[in-house]
Amino acid sequence: MKESLSQIRIGVFYDGNFLLHTSNYYNYIHPQHRRLSISGLHEFIKRRVAEEENLDYRNCVITEAHYFRGRINAVEASQRGTQLYNDRVFDDILMAEGVHTHYLPLRNLQGRKEERGIDVWLALEVFELAIMNKIDMIVLLVSDTDYVQLFRKLSSLGIRTMLLTWEFEYQNDDGNKVTTRTSRELIQLATYLIPMQEVIECGLAQGNKLISNLFVGIDDRQSVSGDDSPLMANVSEVLTVKNGYGFIKYPNNNLFFHYLDVEGEFNEIMPYDRVTFEIEKNEKGQDVAKKVRKLTTEEIEAYTRIVSEDM
């Protein structure tokens, strides 16, 4: 054990957009079909820092945790079904884990909403804490080349860095390709590089509890109605409702449902309603939604307490 350090102060910094894409990948594309857990990530980080620094786990403490993301305004969010409520739920999750939130408004550029300035804000917060000697190890969940200069500055200050990386590609429900690649320069500059995709796959294959806990618990995703069916595995919102049929938002292709496959009154289902459903193949081999049921207010609240739709 290192005798010179009685405690190592860890700062964790999240690029919210990067975290969102990663969590969506595991929730929608990966066989886990579970979102990443903030508490699970923090536990993993402390354990990994202790291992890399050859320290007692009890001496590894997250003293700073910060989350940065661009966000639409309240008026726009209120027009997107439950988005405004879900944003607040995720804020509650971050607050419960001691994570400070930093938001900037998304800018409308040529008809598209884009983040501007988030990377600069994150870098400034990290650098300020570093020069004030408030953290010994900085853990970053980022991927962009924009952070290269930050890593170089931290290195010049003698601050050790741990970079959690993911590499994947998938198509979202809007038909757009989502690609996550970590900057090669960041990889070269990090003191400790943790290739999370490899770590997770290996850990899951071995039944490693620490790795399993990186995801929202299976027990927590069971039906909020009290039965044994995995309700939380298939919950989404209704996109459109036509005369006798509708579509449910679900990657990679939105799911068709017929009024005969609705449990309850079909006419009570409206766009943006949250529903639970099962996925089956139709006669053409296409995925469709069956046993579609509108969630009650209590069920929606229980679901969103467990995991936010828009992390």
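Residues numbered from 1 in each chain as written. Predicted model: local features only at pLDDT ≥ 70, side-chain atom pairs only at ≥ 80, totals over all residues. Heavy atoms only, no water.

Colleague: Looking at this model, I keep getting lost on helix α4 (residues 83-96). Mind explaining?
Modeller: Given 3.6 residues to a turn, an α-helix orients residues that are three or four positions apart in the same direction. Between its terminal C-alpha atoms α4 stretches 20 Å, which fits the 20 Å expected from 14 residues at 1.5 Å a residue. Backbone geometry just after α4 places G98 at a positive phi near 75°. (Helix = DSSP H or I, 4+ residues; strand = E, 2+ residues; numbered from the N terminus. Expected span 1.5 Å × (residues − 1).)

Colleague: Could you clarify how one ought to interpret the pattern of salt bridges in this entry?
Modeller: It is possible for side chains of opposite charge to pair when their charged atoms get near one another. Scanning all chains against the criterion turns up 16 salt bridges. Here R47 makes a salt bridge to E43, at a shortest N to O gap of 3.1 Å. You can see R47 and its partner E43 sitting in helix α2 (residues 38-53), 4 residues apart, about one turn around the helix. The class of E43 is partly exposed, set by a relative accessible area of 25%. Residues D273 and K294 are paired through a salt bridge, measuring 3.5 Å at the closest nitrogen-oxygen approach. Here K294 lies in strand β15 (residues 287-294) and D273 lies in the loop between β13 (255-258) and β14 (274-281), a separation of 21 residues in the sequence. Assessed through its relative accessible area of 16%, D273 is described here as buried. (Salt bridge = Lys/Arg side-chain N within 4 Å of Asp/Glu carboxyl O. Buried < 20%, exposed > 50% of the residue type's maximum accessible area, 1.4 Å probe, protein only.)

Colleague: What is the right way to read the nonpolar core from this model?
Modeller: Side chains that are nonpolar tend, in soluble globular proteins, to be buried together. One finds V49, V139, L141, L164 and W166 to be the most contacted residues of the largest nonpolar core, which totals 39 residues. For this core, the leading source of residues is α2, giving 6 residues. The next biggest cluster of nonpolar side chains, apart from the first, holds 21 residues, and it includes A123, I138, L140 and L150. (Core = buried A, V, L, I, M, F, W, Y, C linked by side-chain atoms within 4.5 Å.)

Colleague: Is there a simple way to explain the packing of helix α5 (residues 118-131) against helix α6 (residues 148-156) in this structure?
Modeller: Between two packed helices, the angle of one axis relative to the other and the distance separating the axes together describe the packing. Packing of α5 against α6 leaves a shortest axis separation of 10 Å and a crossing angle of 5°. The orientation of α5 relative to α6 falls into the category roughly parallel. Residues L122, A123, V126, F127 and A130 of α5 form the contact with α6, whose own contacting residues are L150, K153 and L154. (Axes fitted to C-alpha atoms, helices over the stretch in contact; angles between N-to-C directions. Parallel < 35°, antiparallel > 145°, perpendicular 65-115°, else oblique. Contact = heavy atoms within 4.5 Å.)

Colleague: Can you walk me through the confidence of the model for the protein chain in this structure?
Modeller: Do not read the predicted coordinates in detail wherever pLDDT is low. Averaged over the protein chain, the pLDDT score is 85; the fraction of residues at 70 or greater is 86%. Every residue in residues 307-311 is under pLDDT 50, and counting partners more than four places away or in other chains gives 25 contacts. (pLDDT = per-residue confidence, 0-100.)

Colleague: Help me out: how do you make sense of unusual backbone geometry in this one?
Modeller: Trans is the prevailing form of peptide bonds, just as negative phi is the prevailing case for residues other than glycine. Look at N54: it is not a glycine, yet its phi comes out positive at around 55°. On the secondary structure map, N54 appears in the loop between α2 and β2 (60-71). Located in the positive-phi region is N133, a residue other than glycine, with phi close to 60°. Of note, N133 is situated in the loop between α5 and β6 (137-141). Under the relative-accessibility criterion, N133 is labelled exposed at 51%.

Colleague: What's the story with a nonpolar patch on the surface in this structure? I'm lost.
Modeller: Residues I131, M132 and L157 make up a contiguous nonpolar surface patch of roughly 280 Å² in combined accessible area. When its relative accessible area of 51% is taken as the criterion, I131 is described as exposed. (Patch = residues over 30% accessible without salt bridge, like charges linked within 9 Å, V, L, I, M, F, W, Y side chains within 5 Å. Areas by Shrake-Rupley, 256 points an atom, 1.4 Å probe, with all protein chains shown as cover.)

Colleague: How should I be thinking about α5 in this particular structure?
Modeller: Between its first and last C-alpha atoms α5 spans 20 Å; for 14 residues at 1.5 Å apiece the expected length is 20 Å, and the two agree. Of all the residues in α5, the buried ones are I118, L122, A123, E125, V126, L129 and A130. For α5, the buried positions fall inside an angular range of 160° around the axis, keeping them on one side. Turned more than 90 degrees away from the buried face of α5, the exposed residues are L124 and I131. One or two steps after α5, the chain reaches N133, where phi turns positive at roughly 60°. (Arc of directions from axis to C-beta.)

Colleague: Sorry, what's going on with the packing of aromatic side chains here?
Modeller: Under the definition given, this model contains 13 aromatic pairs. Where Y245 meets F256, the ring centres are 5.6 Å apart and the plane angle is 25°; that geometry is what we call stacked. Of the two residues, Y245 sits in strand β12 (residues 245-248) while F256 sits in strand β13, which places them 11 residues apart along the sequence. Assessed through its relative accessible area of 31%, Y245 is described here as partly exposed. Relative to F256, the ring of F247 has its centre 5.7 Å away and its plane inclined at 70°; by these criteria the two rings are edge-to-face. F247 gets classed as partly exposed once you look at its relative accessible area, which sits at 29%. For F256, a relative accessible area of 30% gives the class partly exposed. A cation over an aromatic ring shows up here: R47 above the ring of Y57, its NZ or CZ 3.6 Å from the ring centre. It is R71 that lies over the ring of Y103; its NZ or CZ is 3.8 Å from the centre. (Phe/Tyr/Trp six-rings, centres within 6.5 Å; stacked < 30°, edge-to-face > 60°. Lys NZ or Arg CZ within 6 Å of the ring centre and 35° of its normal.)

Colleague: Got a minute to help me understand the side chain of E114 in this structure?
Modeller: The topology assignment puts E114 in strand β5 (residues 112-114). A distance of 3.2 Å separates a polar atom in the side chain of E114 from a polar atom in the side chain of R116. With sequence-adjacent residues up to four places away left out, E114 is seen in contact with L106, R107 and L109. (Polar contact = N/O pair within 3.5 Å; in protein donor to acceptor, adjacent residues only side chain to side chain.)

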